[in-house]
Amino acid sequence: LSVGRAVLAALRGRLGALCWSLAPLSLSLPLSLPGWPNSSPRPQREQEWDDAPLTPTSVNYHFTRQCNYKCGFCFHTAKTSFVLPLEEAKRGLAMLKEAGMEKINFSGGEPFLQDRGEFVGKLVQFCKQELELPSVSIVSNGSLIRKQWFEKYGEYLDILAISCDSFDEDVNILIGRRQGKKNHVENLHKLRQWCREYTVAFKINSVINRFNVEEDMNEQIKALNPVRWKVFQCLLIEGENSGEDALREAEKFVISDEDFDRFLDRHKDVSCLVPESNQKMRDSYLILDEYMRFLNCRNGRKEPSKSILDVGVEAAIKFSGFDEKMFLRRGGKYVWSKADMKLDW
């Protein structure tokens with residue numbers, strides 16, 4: 001039954017993407033006839049698309065802002081230590097499932113800081129076992145994950161994404177992606193092996209910035225063989241990593257579009273590469289903060305909606321600034337359940 005649900009969900013997503021891709025063609029067809037007023041249904045049809053209720057198909061829940069790393073370009077900085085009580089978080093996740101959520105991604109901050117990974121582990125188990133979501137994933141810096149966590153919760157996790165911006169430890173130190181004497185790259189390889197052992201799909205996230213833009217990562221990425229290598233262009237968010245009230249000063253990390261394109265061209269032969277420019281990234285993610293408020297980034301800041309726990313998903317998501325068409329165009333819908341992946345674990 002779970003496989004059947006996952007297949008239906010994937011077909012539904014592909015059909016939705018096809019509809020979006022055909023919409024501009026259908027809207028451009030001339031429908032006026034001789035003797036009739038020269039009118040076009042385009043504005044009305046566009047309005048129907050705009051008024052259609054948003055579906056939270058894929059949600060990123062940043063349930064904590066606390067982190068043990070100090071990455072200079074971080075755009076979800078530690079302004080508060082607040083974390084929702086576990087049962088309230090579960091209530092919100094159940095509301096999102098009812099509204100159409102198929103994939104949940106837990107992030108931070110560092111999600112394994114809270115209760116030494118037990119909090120995120122319980123949420124992962126709840127989403128897979130109780131809510132039966134097709135895809136449950138985590139983004140982590142990997143420094144606090146222990147093998148015992150995989151033994152307890154690995155079966156419920158579809159994808160583990162580890163942030164790694166460089167395979168040069170000196171560069172990682174410059175960026176702030178290190179704590180103590182632990183080698184970030186060595187730890188990455190250890191986590192890769194644990195994902196194989198416990199059948200968790202392995203993913204790598206990299207933020208391309210001034211310190212790593214000239215690096216050649218082809219050999220290392222191919223050796224690690226992640227299911228996806230998500231490559232982001234360093235993004236400025238006012239009040240988070242830029243501006244007077246920000247905890248970070250990310251301006252020195254920013255690269256041009258041309259710099260980003262050159263990095264992508266250098267790695268074009270990596271089959272798992274998934275590039276995301278600032279334009280694609282800013283409005284095509286549904287982000288929930290620690291209070292379960294959708295964050296609107298359209299104006300270069302994170303402007304929160306009211307919490308879904310107070311007003312419901314439908315009312316809150318209207319203020320998210322979410323561009324559903326861009327979400328589909330950037331490939332936001334993909335084979336994201338490990339039950340559907342043909343992987344050599």
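What this report covers is the structure whose coordinates are included nearby. Everything numeric here is computed off the predicted structure, so don't read it as measured data. (Residues numbered from 1 in each chain as written. Predicted model: local features only at pLDDT ≥ 70, side-chain atom pairs only at ≥ 80, totals over all residues. Heavy atoms only, no water.)

### Some words on the packing of helix α3 (residues 86-98) against helix α4 (residues 118-130)
Describing two packed helices takes the angle between their axes plus the distance from one axis to the other. The contact between α3 and α4 brings their axes to 11 Å, and the two run at 35°. Where α3 crosses over α4, the two elements pack in a sense that is right-handed. Along the contact surface, α3 presents L86, A89, K90 and L93, while α4 presents F119, K122, L123, F126 and C127. (Axes fitted to C-alpha atoms, helices over the stretch in contact; angles between N-to-C directions. Helix = DSSP H or I, 4+ residues; strand = E, 2+ residues; numbered from the N terminus. Left-handed = near helix turned anticlockwise from the far one by under 90°. Contact = heavy atoms within 4.5 Å.)

### Remarks on the pattern of salt bridges
For the structure on display, the rule yields 16 salt bridges. With a shortest N-O distance of 2.7 Å, K128 and D158 are connected by a salt bridge. Of the two residues, K128 sits in helix α4 while D158 sits in the loop between α5 (147-153) and β4 (159-163), which places them 30 residues apart along the sequence. The class for K128 is partly exposed, based on a relative accessible area of 21%. Put simply, R262 and D259 hold a salt bridge, and the shortest N to O gap is 2.8 Å. Taken together, the positions of R262 and D259, both in helix α9 (residues 257-266) and 3 residues apart, correspond to about one turn of that helix. (Salt bridge = Lys/Arg side-chain N within 4 Å of Asp/Glu carboxyl O. Buried < 20%, exposed > 50% of the residue type's maximum accessible area, 1.4 Å probe, protein only.)

### Observations regarding the side chain of S135
Relative to the assigned elements, S135 resides in strand β3 (residues 135-140). A distance of 2.6 Å separates a polar atom in the side chain of S135 from the backbone oxygen of W336. In this structure, S135 is in contact with E102, K103, I104, K128, D158, I159, W336 and S337, ignoring residues within four places of it in sequence. (Polar contact = N/O pair within 3.5 Å; in protein donor to acceptor, adjacent residues only side chain to side chain.)

### Structural notes on the packing of aromatic side chains
Enumeration according to the criterion identifies 15 aromatic pairs in this entry. Judged by centre distance (5.4 Å) and plane angle (45°), the rings of W149 and Y153 are tilted. Here Y153 and W149 lie together in helix α5, a separation of 4 residues that amounts to about one turn. Classification of W149 as buried rests on a relative accessible area of 6%. Residue Y153 is classed as buried on the basis of its relative accessible area of 1%. Seen in terms of ring centroids, W229 and F263 are 6.2 Å apart; in terms of plane orientation they differ by 65°. Their pairing is edge-to-face. Linking W229 in strand β6 (residues 228-233) with F263 in helix α9, this pair joins segments that are 34 residues apart in sequence. The same class applies to W229 as to F263, namely buried. Joined through ring pairs, the aromatic side chains of F112, W149, F150, Y153, W194 and Y198 make up one cluster. Its guanidinium or amino end placed over the ring of Y285, R330 lies 3.8 Å from that ring's centre, counting from NZ or CZ. (Phe/Tyr/Trp six-rings, centres within 6.5 Å; stacked < 30°, edge-to-face > 60°. Lys NZ or Arg CZ within 6 Å of the ring centre and 35° of its normal.)

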